Amino acid sequence: MSEQATTTEGRTYPPDPELSKTANVRPEMLEQDLESFWDEQAKQRLSWYEPYDKVLEWDQPYAKWFVGGKLNACYNCVDRHVEAGMGDKVALHVVPDDGPDSSEVRDITYAELQRRVTAVANGLKELGVGKGVPVGIYMQMIPDAVIAMLACARLGAPHTVVFGGFSGKAVAERCNDLECKVLITQDEAMRGGKAAPQKTNADEGLDASPTTVEKVVVVRRTGADIPMSDRDVYLDDLIANASDDPESCPCEPMESEDLLFLLYTSGSTGKPKGVVHTTGGYLLGCATTHNLVFDVKDDSVYWCAADIGWITGHSYIVYGPLANGCTSVLFEGVPGYPDQEVWWKIIEKYGVTILYTSPTAIRAHMKAGEKHAQAHDLSSIKILGSVGEPINPEAWEWYREHVGGGKAPIMDTWWQTETGHILITPLPGITTLKPGMAQQPFPGVRPEIRDDEGNQVPVETTGNLVLTQPWPGMMRGLYNDDQRYRDTYWSKYSDAYFAGDGAKYDADGDIMLMGRIDDVVNVSGHRLSTFEIESALVEHADVAEAAVAAKKDPDTGQAIVAFVSLIGDKQGTEELEQALREQVAQSIGKLARPASVIFARDMPKTRSGKIMRRLLKNIAEGEELGDTSTLVDPSVVEEMQKQVNG
Ligand code: WT7
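Scoring rules and cut-offs
- Residues numbered from 1 in each chain as written.
- Predicted model: local features only at pLDDT ≥ 70, side-chain atom pairs only at ≥ 80, totals over all residues.
- Heavy atoms only, no water.
- Helix = DSSP H or I, 4+ residues; strand = E, 2+ residues; numbered from the N terminus.
- Rg over C-alpha atoms; globule rule 2.2 N^0.38 Å.
- Contact = heavy atoms within 4.5 Å.
- Areas by Shrake-Rupley, 256 points an atom, 1.4 Å probe, with all protein chains shown as cover.
- Lys, Arg positive; Asp, Glu negative; His and termini not counted.
- Charge placed at Lys NZ, Arg CZ, Asp CG, Glu CD.
- Near = heavy atom within 4 Å.
- Polar contact = N/O pair within 3.5 Å; in protein donor to acceptor, adjacent residues only side chain to side chain.
- Nonpolar A, V, L, I, M, F, W, Y, C, P; charged D, E, K, R; others polar.
- UniProt positions renumbered as here; feature names shortened; annotations may be inferred.
- pLDDT = per-residue confidence, 0-100.
- Pairing = 2+ DSSP bridges.
- Axes fitted to C-alpha atoms, helices over the stretch in contact; angles between N-to-C directions.
- Core = buried A, V, L, I, M, F, W, Y, C linked by side-chain atoms within 4.5 Å.
- Buried < 20%, exposed > 50% of the residue type's maximum accessible area, 1.4 Å probe, protein only.
- Expected span 1.5 Å × (residues − 1).

Hey, could you run me through the overall build of the chain in this one?
Broken down by element type, the chain carries 20 helices and 29 strands. Against the 2.2 N^0.38 benchmark of 26 Å for 646 residues, the chain shows a C-alpha radius of gyration of 24 Å, consistent with a compact globule. Nonlocal contacts in the chain, meaning residues at least 24 apart in sequence, comprise 70% of its contacts between residues at least 6 apart. With an accessible surface of roughly 24600 Å², the chain has 47% of that area assigned to carbon and sulfur atoms. Within the chain, one finds 61 positive and 97 negative side-chain charges whose respective centroids are separated by 1 Å.

So, in structure tokens, the structure goes:
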């Protein structure tokens, strides 16, 4: 990476003066005090059934925003746009897996969205779903997934979306934790030309142990003949007689602080954390950042190529863009299928003006070569976004040059599942861009970079990123686990949110993110915990102990290396390596599958029995080991090194 960094080192890109004149974001906003900034935004951007009487109540570590206010997220994302005469505006350009030339492409207007959401909400009501009744969603990138989320929001039913690529076991775990009575899924998933058994995967998880799920609603995607039990109902059948008249199912007025959704994310220990997001602050944070960071105009065509199973999809495919009444592309598929040009065809066909994606996707396109992008007219692009992991300067330059026509500014946005929306980012028309840096706090956001003792670090010194002021979309805790919330985010420093990322300031005061400092790995912008992968590995009968580290990977950012010791005199074979990789894919999802498995007699342990993870990381990266004198048996690491280095 360091070699690449030198190719662009020191290069900066000042804002286009034209953009500075027309941009939605104004420099004065950066000077506004926290509450007046968000108060103004809340009045301008959201529709409230009842006005709030207090902008912020901050009782660290819990925030309440817009206290006393009532609103509904679905009303803000759908109904009010129709009422304002925007019913014919396209909400979603739906592009199926086989790309924009498919006969199955279609547009969904805001009016149609309103009718479909209403019908599904009425159907869910039949199953007992209503205010405060949680619903699980296990789907891929089809419009019905967006509709399902909005239908829940309409009823005041909290949703938890489980990434469609995760295992059935992950679905069951999450649904049981939140006590979901209903799960919405689809018959099969289509990705990259292949059908995957989504509903059957869900069944496997639900049937493996007792579950709170009583009803599974199945959306027909491929129409395949799949096993259906008494627990299951096709969505088509459920809503066959349901009214789609919005007045038949009015949006439920919710308190600003009522639960909107839970999203489970990986932590460094224990089971996945249920991150709590509530209604008013979250929705406002998403709408405001979406509008100002991407400079959204009435005629913008916006495409966020993330998955709704992650927070990026929640905030920047569903809630932010729809609250802003924006036209979006919803693409079911993956880069490179049906051909290398599919992304560029989508941009050309719909005149996409804003593209928001991950460094991993950009690197995949880079690898395929710029000729594919060059074969299409991408001149509609005005703003580019990047999210999920640090973007290497080489990929940044490629993105600007070949997708952004050598001029579109790139917004490298830093945030987390926990933060709900973008917190550190350049701003269009304001920030002089530096490749590979998220650079500046969004208005109202107060970052600091501190050492372990709590002192702010000098420039060019890596420390821990913290946030010293609350923001509207911040998590409202971990579901049913106050202690874990406090321990994870609020115990390192007494007065600030600890993000878990390393960061440094450069001499101009711009922030550069340096990656996670805990046991969380980031594969293709997706967050996984070493602990969960280790748990999956030790489930295998031959495995005594397992530890996982990440190494740099030119395509996926990080890749997983698993260190495994076996029971008795079992030998590490190629078959066993494959079996273990498969075990992790089955248990968590394909994303978590280790790139390699290293067999060892033991783990590198200190005399007190603690695994020295730092050493595993060094070994995985092929780095010098430094001091190994505290190990019980230093020869273990030498053997591991031999295997890694061949
Ligand atoms: C972690 C959060 C943000 C939504 C998608 C991932 C890393 C995210 C950046 C960026 C450097 C980034 C951090 C963060 N990250 N964006 N622009 N530059 N690192 O959400 O799964 O909650 O992961 O992703 O390490 O802590 P997530």
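Still to come is the rest of the account.
What's the story with the site of the ligand in this structure? I'm lost.
Around the ligand, the surrounding shell holds 17 residues, and the nearest of these are D412, T413, T417, D501 and R527. Between D501 and the ligand, the recorded distance is 2.4 Å, taken from a side-chain N or O atom to an oxygen atom. Contact distances for the ligand include 2.7 Å between an oxygen atom and a side-chain N or O atom of R527. Against a free-state accessible area of 550 Å², the protein chains account for coverage of 96% of the ligand. Mapped by element, the contributors of at least two residues to the shell around the ligand are α11 (311–323), β20 (410–413) and β24 (511–516). Here the residues of the shell around the ligand sort into six nonpolar, six polar and five charged.

Would you explain the UniProt feature "domain: AMP-binding enzyme C-terminal" (unreviewed entry) in the chain in this entry?
What UniProt calls "domain: AMP-binding enzyme C-terminal" (unreviewed entry) maps, in this numbering, to residues 532–610. Secondary structure across residues 532–610 comprises 27% helix and 33% strand; the distance between its end C-alpha atoms is 18 Å.

What am I meant to see in the environment of E574 here?
The topology assignment puts E574 in helix α18 (residues 574–587). Measuring from C-alpha to C-alpha, the distance between E574 and G10 comes to 46 Å, with 564 residues separating the pair along the chain.

How do you make sense of the confidence of the model for the chain when you look at a structure like this?
Close reading of the predicted structure is inappropriate where its pLDDT is low. With 98% of its residues at a pLDDT of 70 or more, the chain has an overall mean of 94. Per-residue pLDDT stays below 50 along residues 1–8; that stretch engages in seven contacts with residues further than four places along the chain or on separate chains.

What should I look at first to understand the sheet that holds strand β23 (residues 497–505) in this one?
The strands making up a sheet are joined through hydrogen bonds of the backbone, oriented either antiparallel or parallel. Overall, antiparallel pairing links the four strands, which are arranged β21-β22-β23-β24 in an open sheet. Edge strands, defined here as strands with exactly one partner in the open sheet, are β21 (447–450) and β24. Averaged over all adjacent pairs, the angle separating strand axes in this sheet is 45 degrees, with direction ignored. Strand direction decides the pairing type here: β23 and β24, joined by five bridges, are antiparallel. Residue pairing for β24: D501 is matched across the bridge by R516.

Honestly, the sheet that holds strand β18 (residues 354–357) in this entry has me stumped. Any pointers?
What the seven strands build is an open sheet, ordered β5-β4-β17-β16-β18-β19-β20; its pairing is mixed. Either end of the sheet is taken by a strand with one partner, and the two such strands are β5 (106–109) and β20. Looking at each pair of strands side by side, their axes are set apart by 20 degrees on average, direction ignored. Note: strand β4 (residues 90–95) against strand β17 (residues 327–331), four bridges, orientation parallel. The residue bridging H93 from the neighbouring strand is V329, located in β17. Contacting β4, β16 (301–304), β17, β18 and β19 (383–387), α11 runs over the sheet at an angle of about 160 degrees to β16. In the packing of helix α12 (residues 342–350) onto the sheet, contacts are made with β4, β5, β16, β17 and β18, and the angle to β17 comes to roughly 155 degrees.

So what exactly am I meant to see when it comes to the nonpolar core here?
Side chains that are nonpolar tend, in soluble globular proteins, to be buried together. Formed by 115 residues in total, the largest nonpolar core has its most connected members in L113, L150, I184, F294 and Y319. Broken down by element, the residue count for this core peaks at 10 residues, all from helix α6 (residues 143–155). For Y319, the contacting residues outside a window of four places in its chain are A73, C77, M149, L150, A153, H159, L260, F261, Y282, L283 and H314. Within the second largest apolar cluster, 43 residues are counted, among which are A172, V216, L528 and I588.

I tried to follow the pairing of strand β25 (residues 520–523) on my own but got confused; where do I start?
Across a regular strand the side chains alternate sides, sitting on one face of the sheet and then on the other. Alternating positions in β25 separate into two faces, V520 and N522 on one and V521 and V523 on the other, with burial throughout. Summarising the sheet, β25 and strand β26 (residues 526–529) pair through four bridges and their orientation is antiparallel. Counterpart to V521 in the pairing with β26 is L528. A loop of two residues connects β25 with β26, the two strands running antiparallel in sequence, and S524 in this loop sits at a positive phi of about 55 degrees.

For this particular structure, what's the right way to read the environment of T289?
Its location among the elements puts T289 in helix α10 (residues 280–293). Along the chain, T289 and Y497 lie 208 residues apart, while their C-alpha atoms are 20 Å from each other. Excluding anything up to four places from it in sequence, T289 contacts F294, Y316, H421, I422 and F442. Here the side chain of T289 touches G285 through a polar contact of 2.6 Å, landing on its backbone oxygen.

What exactly am I supposed to notice about unusual backbone geometry here?
The amide bond that connects Q60 to the next residue, P61, takes the cis arrangement and shows omega of 5 degrees. Among the secondary structure elements, P61 is positioned in the loop between β1 (54–59) and β2 (62–67). A cis amide bond, omega 0 degrees, links Y337 with the succeeding residue P338. Counting through the fold element by element, P338 comes out in the loop between β17 and α12. At F66, a position not held by glycine, the phi torsion is positive, near 60 degrees. Turning to its location among the elements, F66 is positioned in strand β2. Within the chain, D295 stands out as a residue other than glycine whose phi angle is a positive 50 degrees. Structurally, the position occupied by D295 is in the loop between α10 and β16. The exposure class of D295 is buried, given its relative accessible area of 8%.

Got a minute to help me understand α6 in this structure?
Since the α-helix packs 3.6 residues into each turn, any two residues three or four apart lie on the same face. Its 13 residues give α6 an end-to-end C-alpha distance of 19 Å, which sits within 8% of 18 Å, the value for a rise of 1.5 Å per residue. Counting buried positions over the 13 residues of α6 gives 13, a clear majority of the element. Remark: G156 follows α6 within two positions and exhibits a positive phi of approximately 80 degrees.

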